[in-house]
Amino acid sequence: MTPLSLLPECVVREDGQGTEVSLEGTQGKRLLVTLRVTRILERETLEVSVHGSRDRATWQPLAAFPKKSYCGTYSLPVDLTNNPDVRHLRVHWKMSRWNQQNPKPVFGFHVLAEELRTKVAGAA
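About the criteria used
- Residues numbered from 1 in each chain as written.
- Predicted model: local features only at pLDDT ≥ 70, side-chain atom pairs only at ≥ 80, totals over all residues.
- Heavy atoms only, no water.
- Pairing = 2+ DSSP bridges.
- Helix = DSSP H or I, 4+ residues; strand = E, 2+ residues; numbered from the N terminus.
- Axes fitted to C-alpha atoms, helices over the stretch in contact; angles between N-to-C directions.
- Salt bridge = Lys/Arg side-chain N within 4 Å of Asp/Glu carboxyl O.
- Buried < 20%, exposed > 50% of the residue type's maximum accessible area, 1.4 Å probe, protein only.
- Polar contact = N/O pair within 3.5 Å; in protein donor to acceptor, adjacent residues only side chain to side chain.

A. Fine view of the sheet that holds strand 1 (residues 4-12). Taken in spatial order, the four strands make up an open sheet running 1-9-4-7, and their pairing is antiparallel. Two strands bound the open sheet, and with one partner strand each, they are strand 1 and strand 7 (72-79). Within this sheet the neighbouring strands show an average axis-to-axis angle of 15°, counted without direction. As paired elements, strand 1 and strand 9 (residues 107-115) share six bridges and run antiparallel to each other.

Written as structure tokens, this is what we have:
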């Protein structure tokens, strides 16, 4: 499966959310969601969560990454087998600075999702 872009590369300065993305062939499956933080300033934190909806009107949180304060690539499994009616995903983010006197925080990041394939060892 080609990774599904839940949030294209962006640079943001305040809390927000991405646009909804249709799951199509990955509805009701296990996903691996990858957050890649490409830009961050000292003393900042970024919280990213994935929300799901069946009708694009009501959204529920499905998974959240732990707070991030460093550039890097982080992965999180999201099991949609218990939520087979979820047809759309959307990324939400919150950011903060440890020192409120400095300017607003700045983060560069993007989020991808792909089907999580489990490898099973065969008998020899």
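B. Representation of the pattern of salt bridges. Tallying each qualifying case throughout the model produces four salt bridges. Measuring nitrogen to oxygen at the nearest pair gives 3.1 Å for the salt bridge that ties glutamate 14 to lysine 104. On the criterion of sequence distance, the pair formed by glutamate 14 in the loop between strand 1 and strand 2 (16-17) and lysine 104 in the loop between strand 8 (88-97) and strand 9 is long-range, its members being 90 residues apart. A relative accessible area of 49% means that lysine 104 is categorised as partly exposed. Arginine 30 is paired through a salt bridge with aspartate 79; the nearest N and O atoms lie 3.6 Å apart. Of this pair, arginine 30 sits in strand 4 (residues 30-40) while aspartate 79 sits in strand 7, and the two are 49 residues apart along the sequence. Arginine 30 gets classed as partly exposed once you look at its relative accessible area, which sits at 43%.

C. Spatial organisation of the side chain of arginine 97. You can see arginine 97 is positioned in strand 8. Polar contacts involving the side chain of arginine 97 include one to the side chain of glutamate 44, which spans 2.8 Å.

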